[in-house]
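Results of the structural survey
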Amino acid sequence: MQDINSSAVKLVIAGPVGAGKTTTIRTLSDSEPVSTEMPMSEPAMGDKTTTTVAFDFSTVMLEDGQPLFIYGLPGQERFEHMWSIVLEGAFGVLLVLDASDERLQEECEGWLAAIEKIAPGTPVVIGLTKTDLLAKPDLRSLRANLAEQGLVLPVFSFDARDKAQANHMVRALLASID
């Protein structure tokens, strides 16, 4: 794990295709991110017609003047060879999941297992997007499922397009490290 008191810190945003990773990075960024978005080879997912094939990257200057490097993992398993490269040296991971996905629990478990295998002990905060598409978002069952596995992780709903909410996710991750 990277020392968060060094001259630069690295945050990784992970999660499945269409969860909102690239949107979160764009929302957090001080400038237009470097993106490796390409047309999807599978059928479009609603309005989503592109997908990240290597990683997204951007920087944000923290209040103390320290740069925060933000990397977004590609969500498709066929690009998982990039995951270990991008996760190396990260102080933490923001796991972005689509709350409206009927496979939410399974996606969460799979991503947490992959992160733990590649970067053991790296702090994780879970952010659920698209909760506005649900009549009543159910964060409790996800937290209960995690607790059954012996995991106590912060789980929040957030709008990846809202800068204040995206910043809250980063602050929650930083707070979980202290």
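Structure: see above.
Quick summary incoming for the structure in this document. (Residues numbered from 1 in each chain as written. Predicted model: local features only at pLDDT ≥ 70, side-chain atom pairs only at ≥ 80, totals over all residues. Heavy atoms only, no water.)

Some words on the nonpolar core
Residues V12, L73, L95, C108, I126 and L128 are the most contacted members of the largest nonpolar core, which totals 27 residues. Going through the elements one at a time, β1 (9-14), α2 (81-87), β6 (92-98), α3 (104-118), β7 (124-129) and α4 (139-148) are the ones with two or more residues in this core. The greatest single-element share of this core, amounting to six residues, is contributed by α3. Each residue touching V12, except ones within four places of it in the same chain, is listed here: Y71, L73, V86, L87, A90, G92, V93 and L94. (Core = buried A, V, L, I, M, F, W, Y, C linked by side-chain atoms within 4.5 Å. Buried < 20%, exposed > 50% of the residue type's maximum accessible area, 1.4 Å probe, protein only. Helix = DSSP H or I, 4+ residues; strand = E, 2+ residues; numbered from the N terminus. Contact = heavy atoms within 4.5 Å.)

Focus: the pattern of salt bridges
Pairing is possible between side chains that carry opposite charge, provided their charged atoms lie close to one another. Under the defined criterion, the tally for this structure stands at four salt bridges. The partner of K130 in a salt bridge is D98, with the nearest N and O atoms 3.5 Å apart. Residue K130 is found in the loop between β7 and α4, and its partner D98 is found in strand β6; the two are separated by 32 residues along the sequence. The partly exposed category is assigned to K130, whose relative accessible area is 31%. A salt bridge links D159 to R161; the shortest N-O distance between them is 2.9 Å. (Salt bridge = Lys/Arg side-chain N within 4 Å of Asp/Glu carboxyl O.)

Some thoughts on the pairing of strand β4 (residues 56-61)
Residues D56, S58 and V60 of β4 are buried on one face, while the alternating residues F57, T59 and M61, pointing to the opposite face, are not. Alignment of β4 against strand β5 (residues 67-72), held across six bridges, turns out to be antiparallel. When the sheet's bridge partners are listed, V60 is paired in β5 with L68. Linking β4 to β5, which pair antiparallel, is a turn of five residues; within it G65 sits at a positive phi near 90 degrees. (Pairing = 2+ DSSP bridges.)

A short note on the packing of α3 against α4
Put simply, α3 and α4 touch, their axes get as near as 11 Å, and they point 40 degrees apart. Relative to α4, the element α3 lies oblique. In the crossing of α3 with α4, the sense of the turn from one axis to the other is right-handed. Across the interface between the two elements, Q105, C108, E109 and L112 of α3 pack against S141, L142, N145 and L146 of α4. Split by residue class, the contact of α3 with α4 holds four nonpolar, three polar and one charged. (Axes fitted to C-alpha atoms, helices over the stretch in contact; angles between N-to-C directions. Parallel < 35°, antiparallel > 145°, perpendicular 65-115°, else oblique. Left-handed = near helix turned anticlockwise from the far one by under 90°. Nonpolar A, V, L, I, M, F, W, Y, C, P; charged D, E, K, R; others polar.)

Focus: the sheet that holds β6
Spatially, the six strands line up as an open sheet ordered β4-β5-β1-β6-β7-β8, and their pairing is mixed. Edge positions in the sheet fall to β4 and β8 (155-157), since each has one partner strand and no second. On average, each strand axis in the sheet is inclined to that of its neighbour by 25 degrees, with strand direction left out of account. Two elements, β1 and β5, share five bridges in a ladder whose sense is parallel. Following the sheet pairing, K10 is matched in β5 by F69. Contacts from helix α1 (residues 21-28) reach β1, β4, β5 and β6 within the one sheet, and its direction differs from that of β1 by about 145 degrees.

Some words on α3
What sets the pattern is the α-helix's 3.6 residues per turn: residues three or four places apart point alike. With 15 residues, α3 extends 21 Å from end C-alpha to end C-alpha; this agrees with the ideal 21 Å at 1.5 Å per step. Three or more residues of α3 are buried, namely L104, E107, C108, W111, L112, A114 and I115. All buried residues of α3 project into a common sector of 160 degrees when viewed along the axis, lining one side. On its buried face, α3 sits against β1, α2, β6, β7 and α4. (Expected span 1.5 Å × (residues − 1). Arc of directions from axis to C-beta.)

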